[in-house]
Amino acid sequence: LSPNPFSKGLPFRQTLKLREGEIEILAGKDESEITISVWVDANHPVIRVEAEGRQRFDISVSLEVWRTEKRALEGKETFSAYGMNDGPHAVVVYPDTILKEKSNRIVWFHRNEKSVWPLTMKLQGLESLMTRFPDPLLNRTFGGAIKGAGLLKENATTLKSAEPRRRFSVSIYPLTAQTPTADDWLRHLDRTIARIEAKNLARTRQAHLKWWDEFWNRSWIRVSGRTDPAKDAAADVFQVSQGYVLQRFISACGGRGAFPIKFNGSIFTVDSREPNEEYDADYRRWGGPYWFQNTRLPYWPMLASGDFDLMQPLFRMYLGAAPFGEARTRLYFGHEGSFFPETMYFWGAYANN
């Protein structure tokens, strides 16, 4: 932002507003103060970043990617590729693609041009099933587009305001889809953007607030009671209540996607700069497979709190993998039952380790 409200010494406050499902940032002083709201639409696949000031200001929006080149994971990094680490093949990360289109938007994606699925099937003696079940990884593409009214493209990764305004709204449209080609994915993205842009922003915001209000009114737990008299009992009680509410918020954010909540980071992975351990945001200790003993834990409280919609991705994954489990049981054990291993990829196969 320019003038910069984040300069050293200026007031700054950032608040996670659970009731509204948004982050609010207040920065700057007096006439230069700017309010920024960040919210992920509860009903549509779009992230909104809205900035409003008392005076006109300019804005610059940049995409930062960390997959910039092909590279092999080494050392502790390979643990993020659990199932392939310590195997006979190098674990390779491939770069993202940033489109150089002429429109005033930023578009990027990561596409699986290779897949470990055939190798996994052969390793586990399941070659005979390869004609019956499609590769769930090949051509899976994820990325998105960034755009906003009054923003012009400066280069492939940067948008800038055409002129100062008192208000800007930036929209980020993410998309994951398994498509035959990258162009098919792009057409899918365009349709998604057109569908969302056809809706009234104020009404979608009201619907977003309504979803979160109804979510918090499903049920609640407020802890009270005595603790160690030498300690501040009120503070102890507040921390327990706050911890419960914040965990429920995290589950609500990560629990309505295409797949169950990942026990090792959910959707909140970040890059790490710990001494001798520098990882990018793709890193998950224990990698991509699901451990049922860990995965089940965030779901037990949902039975009590009435969050049955958040449980559906868990059931969908196992129902989707059921035909694979039945075919494997017939192949391995010669009967009509079905089983799921404790540690499995989302399509049902064992983790290769």
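Look a little higher up for the structure.
(A) Up close: the overall build of the protein. For the protein, the count of helices and strands is 7 helices and 17 strands. By principal-axis analysis of the C-alpha atoms, the protein measures approximately 75 × 65 × 45 Å. Out of the 353 residues belonging to the protein, those deemed buried represent 40%. Across the protein, the fraction of contacts at a sequence separation of at least 24, relative to all contacts at a separation of at least 6, is 63%. Of the roughly 20,200 Å² that the protein leaves accessible, carbon and sulfur atoms contribute 55%. Averaging the positions of the 47 positive and the 42 negative side-chain charges in the protein gives two centres separated by 4 Å.

(B) Focus on the pattern of salt bridges. Using the criterion set out here, one finds 23 salt bridges in the structure. The closest approach of N and O atoms between Arg-330 and Glu-336, which form a salt bridge, is 3.1 Å. Of the residues examined, Arg-330 reaches a relative accessible area of 36% and is grouped as partly exposed. Look at Glu-336 and you get exposed, because its relative accessible area is 59%.

(C) Focus on unusual backbone geometry. Backbone torsion omega between Ser-2 and Pro-3 reads 0°, so that peptide bond is classified as cis. Within the chain, Asp-30 stands out as a residue other than glycine whose phi angle is a positive 50°. Inspection of the secondary structure assignment puts Asp-30 in the loop between strand E2 (22-27) and strand E3 (34-40). Exposure remark for Asp-30: the relative accessible area of 52% places this residue in the exposed category.

(D) Quick peek at the sheet that holds E3. Strand order across the open sheet formed by 8 strands is E1-E2-E3-E4-E13-E10-E9-E8, with antiparallel pairing between neighbours. Because the sheet does not close on itself, it has two edges, and the strands there are strand E1 (12-17) and strand E8 (97-98). Here 9 bridges tie strand E10 (residues 140-148) to strand E13 (residues 165-178), and the two strands are oriented antiparallel to one another. Looking across to E13, one finds that Phe-142 is bridged to Thr-176.

(E) Structural context of the layout of surface pockets. Considered as a void within the structure, the second largest pocket measures approximately 340 Å³ in volume. In terms of lining residues, the second largest pocket is bounded by 15 residues, among which Leu-18, Trp-216, Trp-220, Arg-222 and Val-245 are the most central. A total of 7 residues in the lining of the second largest pocket trace back to one element, the largest contributor, which is helix H4 (residues 233-254). For the lining of the second largest pocket, the residue count by class is 8 nonpolar, 4 polar and 3 charged.

(F) Layout of the pairing of strand E9 (residues 106-111). Buried residues dominate E9, accounting for 6 of its 6 residues. Burial along E9 is two-sided: Ile-106, Trp-108 and His-110 and Val-107, Phe-109 and Arg-111, pointing in opposite directions, are all buried. Where E8 and E9 come together, 2 bridges link them in antiparallel fashion. When the bridges of E9 are listed, Ile-98 appears paired with Trp-108. Summarising the sheet, E9 and E10 pair through 6 bridges and their orientation is antiparallel.

(G) Examining the packing of aromatic side chains more closely. Counting across every chain of the model gives 25 aromatic pairs. With a centroid separation of 5.5 Å and 80° between ring planes, the pair formed by Trp-212 and Phe-215 is classed as edge-to-face. You can see Trp-212 and its partner Phe-215 sitting in helix H3 (residues 201-216), 3 residues apart, about one turn around the helix. A residue is classified by how much of its surface remains accessible, and Phe-215, at 0% relative accessible area, is buried.

(H) View of a nonpolar patch on the surface. Residues Leu-297, Trp-300, Leu-303 and Phe-308 make up a contiguous nonpolar surface patch of roughly 460 Å² in combined accessible area. Its place among the elements puts Leu-303 in helix H6 (residues 300-305). What makes Leu-303 partly exposed here is its relative accessible area of 45%.

Rules used throughout
Residues numbered from 1 in each chain as written. Predicted model: local features only at pLDDT ≥ 70, side-chain atom pairs only at ≥ 80, totals over all residues. Heavy atoms only, no water. Helix = DSSP H or I, 4+ residues; strand = E, 2+ residues; numbered from the N terminus. Buried < 20%, exposed > 50% of the residue type's maximum accessible area, 1.4 Å probe, protein only. Contact = heavy atoms within 4.5 Å. Areas by Shrake-Rupley, 256 points an atom, 1.4 Å probe, with all protein chains shown as cover. Lys, Arg positive; Asp, Glu negative; His and termini not counted. Charge placed at Lys NZ, Arg CZ, Asp CG, Glu CD. Salt bridge = Lys/Arg side-chain N within 4 Å of Asp/Glu carboxyl O. Pairing = 2+ DSSP bridges. 1 Å grid on protein atoms, 1.4 Å probe; cavity = no way out; pocket = protein on both sides within 12 Å on 5 of 7 lines; lining within 4 Å. Points joined across faces, edges and corners; volume = space filled by probe spheres on them. Nonpolar A, V, L, I, M, F, W, Y, C, P; charged D, E, K, R; others polar. Phe/Tyr/Trp six-rings, centres within 6.5 Å; stacked < 30°, edge-to-face > 60°. Patch = residues over 30% accessible without salt bridge, like charges linked within 9 Å, V, L, I, M, F, W, Y side chains within 5 Å.

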